[in-house]
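Architecture and fold: a report
Here are the chains, one letter per residue:
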Amino acid sequence: MAPTTPAHSPDQRIDLLWPQVHALTLLAQLGSFTQVAVRLGLSKAAVSQRISDLERVVAQTLVQRTTRSVRLTDAGLRLVEQTTQSFVQIASSVAQARDLAAQPRGLVRVTAPVALGRQQVAAQIALFLREQPDIRIELDLSDRVVTLAHEGFDLAIRHTSAPPDNHVAWKLCDTRSLLVASPAYLRQHGRPAHPDELAGHACLPYLRPGPALWKFERSAEGAPAAEPERASVTVQGPLRANNSEVVRDAALAGLGLALLPDFSAAPALRNGRLREVLPAWRPIGFFGDAVYAVRPWSPSTPKAVQALVAHLRGALAPGFGGEAVRPR
């Protein structure tokens, strides 16, 4: 009696390999077994086993592993190149089928900057989920600019002046930058009357490469069409940090003057714990001018994403305020 071919033989059931091929395409995008495991909700060992199973079936090494890196071989890259678009199309088709339901539902993966996400986005998502019980959200807070399609995000909240041209972008609200200080600091050190005077003050610059150069402009008095007056000054002080909440808290503690986005400064300005400095001068070229919701381009947008964007636009459209409490 001839031996029978197992039901899972690759020659008989190639369709059983789709999870393994999908894992390989994700590994090519993410470059990490750990990140693939997180995306798929599996253990790292299970992902590694899927790749090993696929390599055994095709009888070729598809992934070169070292203790420090993961790199696909030419055969692996070729397989990924030929199959990735199919998985993208499947995901799109499933999303469109799900959206035939009247009620938005499903998972929306969102990424947002840390400070903006903590201070504004998280609270709005909590309100949104109360209204949309069939939607689930994964919120990733990171100041790293992620590649949305490669890392599986449906939506990014970006604080920028120019959203990427190859994405769909919805403007949520305008923002502005504000120069602020605590009343205690201003009482002790005085209030600067011109940006040039900031060189003699303790300042709290945002942490970026190179010297901290702050730029300002103001409209020419009585001549709206005239070129604005501009000023730039290199500043320094006791603290530099790459998070606006940290810089704001240092300003609240009286350590110096801080340049902040309005969503970080507004609450403390309203209650008088911070005061706006040089209000006639507009900081330029530092933070973005608006907050956008951004997603990779596709022929259609899932209803759950549409619903979240609509909620954020309605909630954030008035902006963040930031009106200063003037000294009496």
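So, here is what we can say about the structure in this document. What you see is a predicted model; the values in this text were computed from it and never measured. (Residues numbered from 1 in each chain as written. Predicted model: local features only at pLDDT ≥ 70, side-chain atom pairs only at ≥ 80, totals over all residues. Heavy atoms only, no water.)

Overview of the overall build of the chain
Convention followed: Starting at the N terminus, helices and strands are each numbered in turn, a helix being any DSSP run of H or I of at least four residues and a strand any DSSP run of E of at least two. A simple rule labels every residue: compare its accessible area, found with a 1.4 Å probe on the protein chains alone, to the largest value its type can have, and call it buried under 20%, exposed over 50%, or partly exposed in between. Values of accessible area rely on a 1.4 Å probe in the Shrake-Rupley scheme; residue burial ignores everything except the protein chains shown.
Check the secondary structure of the chain and you find 10 helices and 14 strands. Within the chain, the proportion of its 328 residues that are buried is 43%. For the chain, the computed accessible surface area is about 17,800 Å², with 52% contributed by carbon and sulfur atoms.

What about the nonpolar core?
Filter applied, for reference: The term nonpolar core refers to a set of buried residues drawn from Ala, Val, Leu, Ile, Met, Phe, Trp, Tyr and Cys, joined through side-chain atoms within 4.5 Å. Throughout, a residue-residue contact means that at least one pair of heavy atoms, one from each residue, lies within 4.5 Å.
Among the nonpolar cores identified, the biggest contains 26 residues, and V108, I137, L155, I157 and L308 are the most heavily contacted of them. Of all the secondary structure elements, the ones that give two or more residues to this core are β3 (106–112), α5 (114–131), β4 (135–141), β5 (155–160), β6 (167–174), β14 (290–296) and α10 (303–316). Those residues in contact with V108, other than ones at most four positions away along the chain, are I135, R136, I137, E138, D154, A304, V305 and L308. By size, the runner-up hydrophobic cluster in this structure holds 20 residues, among which are L179, A231, L259 and W281.

Some details on the sheet that holds strand β11 (residues 257–261)
Note the following rule: For two strands to count as paired, DSSP must find a minimum of two bridges between them. Think of each axis as a best-fit line through the C-alpha atoms, taken over the contacting stretch in the case of a helix, with angles from 0 to 180 degrees between the N-to-C directions.
Spatial ordering of the open sheet is given by β8-β11-β7-β12, a layout of 4 strands whose pairing is mixed. Two strands lie at the open edges of the sheet, namely β8 (203–204) and β12 (275–276), each paired on one side alone. Along the sheet face, helix α8 (residues 244–252) touches β8 and β11 and points at about 145 degrees away from the line of β11.

Some remarks on the environment of A122
Its location among the elements puts A122 in helix α5. Taking the C-alpha atoms as reference points, A122 and A112, separated by 10 residues in sequence, lie 9.5 Å from one another. A122 has contacts with G117 and L139, leaving out every residue within four places of it along the chain.

Regarding the packing of aromatic side chains
Selection criterion: The pairing test for Phe, Tyr and Trp rings, Trp by its six-membered ring, is centres within 6.5 Å, and the orientation test on the planes gives stacked under 30 degrees, edge-to-face over 60, and tilted for anything in between. To sit over a ring, a charge needs its Lys NZ or Arg CZ within 6 Å of the ring centre and within 35 degrees of the ring normal.
Using the criterion set out here, one finds 4 aromatic pairs in the structure. A ring pair is formed by Y206 and F286, whose centres lie 6.4 Å apart and whose planes are at 85 degrees; its orientation type is edge-to-face. On the criterion of sequence distance, the pair formed by Y206 in the loop between β8 and β9 (212–218) and F286 in the loop between β13 (282–284) and β14 is long-range, its members being 80 residues apart. F286 carries the same exposure label as Y206, and that label is buried. Judged by centre distance (4.8 Å) and plane angle (80 degrees), the ring pair of F286 and F287 falls under edge-to-face. Across the pair, F287 and F286 agree in class, each one buried. Taken together through their ring pairs, the aromatic side chains of Y206, F286 and F287 make up a single cluster. Here the guanidinium or amino end of R109 rests over the ring plane of F153, the centre of that ring lying 4.5 Å away. Over the aromatic face of F287 sits the side chain of R208, whose NZ or CZ is 5.8 Å from the ring centroid.

Comments concerning the pairing of β11
Summarising burial for β11: 5 of the 5 residues are buried, a large majority. Here β11 shows two buried faces, one formed by L257, L259 and P261 and the other by A258 and L260. The pairing of β8 with β11 spans 2 bridges and is parallel. Its bridge partner lying in β11, L204 is registered against A258.

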